[in-house]
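# Per-entry structural report
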Amino acid sequence: MKEFRNPQDVHQPLGGYSHQIEVTGNERILVLSGQVGMREDGTVPEDPLEQIDIAMENIFRNLRAADMDVMDIIKLTYYLVGEIDTIKRRELVASKLQGHKPCSTLLYVAALATPKIRVEIDAWASKAD
């Protein structure tokens, strides 16, 4: 079972996330490697928002392979190279998460695996057995 909480004595979340999620009971945990904005054919678009969209779709493909879905995500960590429009990024992510608010961390980094990759997102998910 997952319980999403935002303690009253902690500031309200700054975006579409929860401060904590407690997982109890008989849950399977899935940990994903960082997913990048690379299509199946190996191409990477220049637009970082498009990279976020593709990375999220890669997360969803991984979830489906484990018989999970977006509502099973408990933690997302975003690694971004350079500024990406905050409003557009938040809107895109919110649309992908369909109202779901997992825990979240965002970091700006100097570089990722290759210069063309500007976005990497890793995810944790859990689902009752």
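Residues numbered from 1 in each chain as written. Predicted model: local features only at pLDDT ≥ 70, side-chain atom pairs only at ≥ 80, totals over all residues. Heavy atoms only, no water.

### Description of the pattern of salt bridges
For the structure shown, the criterion picks out nine salt bridges. Note that Arg 5 is salt-bridged to Glu 3, the shortest N-O span being 3.2 Å. The partly exposed category is assigned to Glu 3, whose relative accessible area is 37%. Between Asp 129 and Arg 28 there is a salt bridge, and its shortest N-O distance comes to 3.7 Å. One end of the pair, Asp 129, is in the segment after strand E7 (119–128); the other, Arg 28, is in strand E3 (residues 27–31), with 101 residues separating them in the sequence. Residue classification places Arg 28 among the partly exposed positions, given a relative accessible area of 30%. Through salt bridges with shared partners, a single network forms among Lys 2, Glu 27 and Asp 72. (Salt bridge = Lys/Arg side-chain N within 4 Å of Asp/Glu carboxyl O. Buried < 20%, exposed > 50% of the residue type's maximum accessible area, 1.4 Å probe, protein only. Helix = DSSP H or I, 4+ residues; strand = E, 2+ residues; numbered from the N terminus.)

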